Structures are given as structure tokens and as C-alpha cells.
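Descriptive analysis of the structure
Chain by chain, the residues:
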Amino acid sequence: MSMDQLKRQAAARAVEYVEGGMKLGLGTGSTAKHFVELLGERVRAGLKVVGVPTSEATRVDAERCGVALTTLDAIDHLDLTVDGADEIDANLDVIKGGGGALLREKIVAAASARMIVIADDSKWVEQLGRFPLPIEVVPFGLAATRRAIENCFTQADVSGEISVRKGRDGHAFVTDGGHWIVDAHLGRIPDGPRLATLLNAIPGVVEHGLFIGLAGIAILAGSQGIRVVDRP
Ligand code: A5P
């Protein structure tokens, strides 16, 4: 089975958690796109839900699939967010942001009563960090922010190259929020919660891709079948 088929299987299992009347956070990326498409099928069959997209790309997909949309300003809570991931560990701590939507993804996940992460099982890791950690930064004062990030890496006992993410045009990739992303090639992150806390304290860092304690369930699709893992 192809990676894409596995992603669709994980998405299909997550759709089973959706009930009529729910307010949903809609993630970003190729796995979340499957979820939006499958949700759209249920909506066309009569399911009533409303969604908050985590990116302009997801907003376009959801509209195409007929999923009604709202904003976090128009509602007082979200029942469930379903999103993909770049890495997931046994605590269900997650690296996200490979697609550059981590800021809105984290705002939506944090506003949600429950978050389900969906992925093919290649995303399951013993230790986070092989996937470069995306850090969303303000372009102003980037050199100072980089130095502050490097200092916090030293304190968190990690090290590695930091590179500004480039878009297809060769210029800096610009997020939906108008910021840039630096990718930190750390290889290993022994203490994700500590690194997250340190990064949160840097003024030029808008957000980072460590999602600590947000995911309650991971749905992982592999060649042996689907595994549903609860946060310990
Ligand atoms: C988007 O910013 C990301 O957080 C994605 O959710 C993550 O990169 C997973 O993407 P795929 O589902 O495409 O692997």
C-alpha cells in the first residue's frame, strides 16, 4: 500500500470520531487534506458540522468539499481538531510545521477540547528531532533571534544547523501570518518540553513546531493495519 493510501486510511478512522453538530479544527498537509475530503463526503450525505481551517490551503480544500467554515472569533470552542504530523513520540508529543502552517495549527489545537493526530506510521519515532524543527520567526532582527535560538539550544542540550526556509521562488518562505520559518536540524531532542519552554521565551520567535501535550490520540496507519494510541 502506498504512503498516500496509508494517510487516507488514518484520515478515514479519524472521521469516525466526528459527530453531528461538532465544531472542528481542520489541519493542514497531505494527511489532513484526506480528512477534509472524507469529511466532505459525510457532509454531502447530511452531516452538519462546522470547521475552522488552519491554513489558506485548507480553507480552499474545505470550501471545495462543501464543509461549512467559521472562525475562532465567531465560536466559543472547538470540539475536535484533526491534523497531520511530521513526527510523533510515545508521549504523543509531536513535531509539526513541515507545511509551514504551525502557528495557526497550534492556535486551533490549543482552542480545541481534543486533538487527534493522523499519520502513516513512518512518523512514529522513539525520540523527536530527526525531522528538522520548524521555528516561525519575525524577519525583523533575525540575526539576534538566531543567536537567542542557539543559546536556548545549548541550554536544552541540542545542537545543529539552522536554515531559513526557502519558497519555490528561491526567496524566504512566507507563512500565512507573514512571518518566516527557520528549520533547526537537531537530529535528536532529548527533552522536547524543556526546549519548547525555552523557545517560547524568545521575543522574535512567534511559534515553534513542538506540540507538547496537545494531542490526545494518534491514529497511525501502517502495512500491518491501523494503530490508535492514547496519550499516556
Ligand atoms: C503543516 O504545517 C504540517 O504541520 C503538517 O501537518 C505536517 O507537516 C504533516 O504533513 P503531511 O500530512 O503532508 O505529512
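Keep in mind that this is a model prediction, so the values were computed, not measured.

Secondary structure summary: the protein chain contains six helices and 13 strands in total. Whereas a compact globule of 232 residues would reach a radius of gyration of roughly 17 Å, the protein chain reaches 17 Å, a difference of no more than 12%. Buried residues in the protein chain amount to 50% of all 232 residues. Within the protein chain, residue pairs in contact and separated by at least 24 positions form 74% of the contacts whose partners lie at least 6 positions apart. For the protein chain, the accessible area works out to roughly 10600 Å², and carbon and sulfur atoms hold 51% of it.

Bringing the pairing of strand β2 (residues 50–53) into the picture now. Of the two faces of β2, both are covered, the one formed by Val50 and Val52 as well as the one formed by Gly51 and Pro53. As defined by bridge partners, strand β1 (residues 23–26) adjoins β2 across four bridges and the pair is classed as parallel. Bridge pairing in β2 places leucine 24 opposite glycine 51. Chirality of the crossover, the property in question, places the unit of β1, helix α2 (residues 30–44) and β2 among those that are right-handed.

This part covers the packing of aromatic side chains. Working definition: an aromatic ring pair is given by the centre-to-centre distance plus the angle between the planes. Summed over all chains, the structure comprises zero aromatic pairs. Over the face of the ring belonging to phenylalanine 173 we find arginine 165, whose NZ or CZ atom lies 5.7 Å from the ring centre.

Let us look at the nonpolar core. One broad rule of soluble globular proteins: the nonpolar side chains tend to lie buried together. Ranked by size, the top nonpolar core spans 26 residues in total, and within it Val18, Phe35, Leu39 and Ile118 carry the most contacts. Put simply, the parts of the chain that give this core at least two residues each are α1 (3–15), β1, α2, α3 (56–65), β3 (80–83), β6 (115–120) and β12 (217–222). Dropping the residues within four chain positions of it, phenylalanine 35 is found in contact with Ala11, Ala14, Val15, Val18, Leu26, Val82 and Ile118. Of all hydrophobic cores here, the second largest spans 24 residues; its members include Leu128, Val182, Leu186 and Leu199.

Attention shifts here to the site of the ligand. Close to the ligand lie 17 residues, the nearest being Thr28, Ser30, Thr31, Asp86 and Lys123. Between the ligand and alanine 101, the relevant distance is 2.9 Å, taken from an oxygen atom to a main-chain nitrogen or oxygen of the residue. Lysine 123 is positioned such that a nitrogen or oxygen atom in its side chain is 2.7 Å from an oxygen atom of the ligand. Contact with the protein chains removes 91% of the 380 Å² of surface that the ligand exposes when unbound. Split into classes, the residues belonging to the shell around the ligand amount to two nonpolar, nine polar and six charged.

With that settled, the discussion passes to the pairing of strand β7 (residues 133–137). Most of β7 sits out of view: five of its five residues are buried. Burial along β7 is two-sided: Leu133, Ile135 and Val137 and Pro134 and Glu136, pointing in opposite directions, are all buried. Of the pairings in the sheet, the one linking β7 to strand β9 (residues 180–185) comprises five bridges and is antiparallel in character. Counterpart to isoleucine 135 in the pairing with β9 is valine 182. By the bridge criterion, three bridges tie β7 to strand β10 (residues 205–208) in an arrangement that is antiparallel. Directly across from isoleucine 135, in β10, lies its bridge partner histidine 208.

Analysis parameters
- Residues numbered from 1 in each chain as written.
- Predicted model: local features only at pLDDT ≥ 70, side-chain atom pairs only at ≥ 80, totals over all residues.
- Heavy atoms only, no water.
- Helix = DSSP H or I, 4+ residues; strand = E, 2+ residues; numbered from the N terminus.
- Rg over C-alpha atoms; globule rule 2.2 N^0.38 Å.
- Buried < 20%, exposed > 50% of the residue type's maximum accessible area, 1.4 Å probe, protein only.
- Contact = heavy atoms within 4.5 Å.
- Areas by Shrake-Rupley, 256 points an atom, 1.4 Å probe, with all protein chains shown as cover.
- Pairing = 2+ DSSP bridges.
- Right-handed = clockwise from strand over helix to strand, strands pointing away.
- Phe/Tyr/Trp six-rings, centres within 6.5 Å; stacked < 30°, edge-to-face > 60°.
- Lys NZ or Arg CZ within 6 Å of the ring centre and 35° of its normal.
- Core = buried A, V, L, I, M, F, W, Y, C linked by side-chain atoms within 4.5 Å.
- Near = heavy atom within 4 Å.
- Polar contact = N/O pair within 3.5 Å; in protein donor to acceptor, adjacent residues only side chain to side chain.
- Nonpolar A, V, L, I, M, F, W, Y, C, P; charged D, E, K, R; others polar.

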